[in-house]
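# A closer look at the structure
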Amino acid sequence: MTFILAYVILAISLFAVKGICYHVIAGLSVSFFLLFIPFKKTKSGIFPITIFLVFTFAGNLFFHPGRIIYDLGFLAVTDEGLLLSGVRTLRVFTMIFGAKILTHLIPIDELIHAMNRLLSPLERTGLPVNDFFHIMRLTMKAFPVLIAHLTGIYKEGMKRKDTGGFMGRIRHMAVFLMPVFVQSITSPESFFVEGDNGKGY
C-alpha cells in the first residue's frame, strides 16, 4: 500500500507542479530507480513508449506564444513551447516508468487488490469500484492465456504450405482471429477454463 500511495502522490504532484526543475528531478529519480530492476522489465514496450514520448514532445513544441528560439518558416519554436513540451514529456516518462517500477515491486494481482481497497470508499458515492476492479482482475488473468492461445494457433497454421507469402499470412490471421472473436462474444468465460493439457481455452 505504501508504494501505491507514493505513486499516487507522485502522479498528482506531476500535474500540480508546473516547474520544469521538479519534472527533471522526478524523471532523474525514476531513471535512478530503474537501474535496480531487471533490464528485461525495463525494455518491455520500449519502442511504442519511445514513439509516444517523441509525439508528445513534438505535438507540444509548436504553436505557442513566446520568444522565438528557432524559426522554421511555417513553424516556430518558442521558449514557452519548448518548456511546455519538456514538462509534458517528462511527466509522461515519469508516470510510465514509475508504473513499471511499481509493477516490479508489487505483483499485478496484489496491486489491483490494493487499489480496490484504496478506492473502495468511493462505492458510497455510487461509483462501481468493486465491479471495475473485478473486471480488471479477470482481464489480467485472461490476457496471458489469450495471447498463448492465439500464438499456438498462429504457429500451427504457419506450418502449412498455403500460408506462404504476405497475403497468405494475412488470410491465415483473419481465419484464426475470427473464431476467437466470436468466442470472446459468445462465451468469454471459456478463456478462464483450463483444459486437460493445462492450457486455457
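Now for a look at the structure at hand. The structure presented is a predicted model; accordingly, all values stated were derived computationally and were not measured.

### What to know about the nonpolar core
Counting residues in hydrophobic clusters, the biggest one holds eight residues: Val-30, Leu-34, Ile-37, Ile-49, Leu-53, Val-92, Phe-97 and Ile-101. Beyond its immediate stretch of four places on either side in the chain, Ile-37 contacts Thr-42, Ile-101 and His-104. One finds Ile-4, Leu-102, Ile-106 and Ala-114 within the second-largest nonpolar core, a separate group that totals five residues.

### Remarks on the packing of aromatic side chains
The way to describe two aromatic rings as a pair is by their centre distance and the angle between their planes. Within this structure, the stated rule accounts for three aromatic pairs. Between Phe-32 and Phe-33, the ring centres sit 5.7 Å apart and the planes meet at 70°, which makes this aromatic pair edge-to-face. Here the aromatic rings of Phe-93 and Phe-97 are separated by 4.8 Å at their centres, their planes lie at 45°, and the arrangement is tilted. You can see Phe-93 and its partner Phe-97 sitting in helix α5 (residues 79–105), four residues apart, about one turn around the helix. The class for Phe-97 is buried, based on a relative accessible area of 5%.

### Looking at a nonpolar patch on the surface
A surface patch of nonpolar side chains, about 620 Å² in accessible area, is lined by Phe-57, Ile-69, Tyr-70, Leu-72, Phe-74 and Leu-82. With respect to the helices and strands, Phe-57 occurs in helix α4 (residues 46–59).

### Side note on the pairing of strand β1 (residues 68–71)
When β1 meets strand β2 (residues 76–78), the two strands line up antiparallel, connected through three bridges. Considered in β2, the bridge of Tyr-70 is made with Val-77. Taken together, β1 and the strand that follows it, β2, pair antiparallel across an intervening segment of four residues, in which Gly-73 is found at a positive phi of about 95°.

Procedures and definitions
- Residues numbered from 1 in each chain as written.
- Predicted model: local features only at pLDDT ≥ 70, side-chain atom pairs only at ≥ 80, totals over all residues.
- Heavy atoms only, no water.
- Core = buried A, V, L, I, M, F, W, Y, C linked by side-chain atoms within 4.5 Å.
- Buried < 20%, exposed > 50% of the residue type's maximum accessible area, 1.4 Å probe, protein only.
- Contact = heavy atoms within 4.5 Å.
- Phe/Tyr/Trp six-rings, centres within 6.5 Å; stacked < 30°, edge-to-face > 60°.
- Helix = DSSP H or I, 4+ residues; strand = E, 2+ residues; numbered from the N terminus.
- Patch = residues over 30% accessible without salt bridge, like charges linked within 9 Å, V, L, I, M, F, W, Y side chains within 5 Å.
- Areas by Shrake-Rupley, 256 points an atom, 1.4 Å probe, with all protein chains shown as cover.
- Salt bridge = Lys/Arg side-chain N within 4 Å of Asp/Glu carboxyl O.
- Pairing = 2+ DSSP bridges.

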